[in-house]
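Here is what each chain is made of, one letter per residue.
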Amino acid sequence: MEQTRKSSLQWPLILGLGALGLIHPLARMTGVVEALGMRAVAPILILAIALAWILIVGLGNVGRPVLTLVLAGVAYAVYLMVISALLTPILTGELRGPLAMPFVLVPLVLSNAFYGLVAGLLAWGVQGLRRVQAGQAGEAR
């Protein structure tokens, strides 16, 4: 039972992690980044989201961490398309973002899948370190 649960994908987690990524574009779309007056806010948010993904998956009992985070990156890209299509006409009076420039759709999905791949490999590494430390703790008993 444990092996089945650990090896299957956890879709609520994947979709939730993808939604967590929306903090960055929503802060940008709503002017929060500009209001703070710091150019470093955007990279800080991106790194904070990546760190959250890595820690949530790396410290959690998440099977298939790389695939989980690749799919979270894809979910984020899809959410971004939908959110920008809904919010930019309201906020700016015109459609902006990925759907206004269809040639960016594939690169958007691929780049966010790659972001998830990198985060997934790091989360997998965290899981490996945890197993090594657990094995060492078991040997010390």
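To be clear, the structure that these remarks concern was listed above.
Nothing here was measured: the structure is a model prediction, and the numbers come from that model.

1. A look at the overall build of the protein
And step 1. Of regular secondary structure, the protein possesses seven helices and zero strands.
And step 2. Secondary structure elements of the protein occur, N-terminal to C-terminal, as α-α-α-α-α-α-α.
And step 3. Structurally, the protein occupies a C-alpha span of about 65 × 35 × 20 Å along its principal axes.
And step 4. Evaluated residue by residue, the protein yields a buried proportion of 31% over its 141 residues.
And step 5. For the protein, contacts bridging at least 24 residues in sequence account for 76% of all contacts bridging at least 6.
And step 6. When the accessible surface of the protein is totalled, it reaches about 8400 Å², and 73% of it is carbon and sulfur.
And step 7. The centroid of the 9 positive side-chain charges in the protein is displaced by 5 Å from the centroid of its 4 negative side-chain charges.

2. Brief notes about a nonpolar patch on the surface
And step 1. Together, Phe-114, Leu-117, Val-118, Leu-121, Leu-122 and Trp-124 line one region of the surface with nonpolar side chains, adding up to about 570 Å² of accessible area.
And step 2. One can find Phe-114 in helix α7 (residues 105-140).

3. Some thoughts on the environment of Leu-71
And step 1. Residue placement: Leu-71 occurs in helix α6 (residues 65-92).
And step 2. Counting along the chain gives 32 residues from Leu-71 to Phe-103, while the straight-line C-alpha distance between them is 21 Å.

The rules behind the values
Residues numbered from 1 in each chain as written. Predicted model: local features only at pLDDT ≥ 70, side-chain atom pairs only at ≥ 80, totals over all residues. Heavy atoms only, no water. Helix = DSSP H or I, 4+ residues; strand = E, 2+ residues; numbered from the N terminus. Buried < 20%, exposed > 50% of the residue type's maximum accessible area, 1.4 Å probe, protein only. Contact = heavy atoms within 4.5 Å. Areas by Shrake-Rupley, 256 points an atom, 1.4 Å probe, with all protein chains shown as cover. Lys, Arg positive; Asp, Glu negative; His and termini not counted. Charge placed at Lys NZ, Arg CZ, Asp CG, Glu CD. Patch = residues over 30% accessible without salt bridge, like charges linked within 9 Å, V, L, I, M, F, W, Y side chains within 5 Å. Salt bridge = Lys/Arg side-chain N within 4 Å of Asp/Glu carboxyl O.

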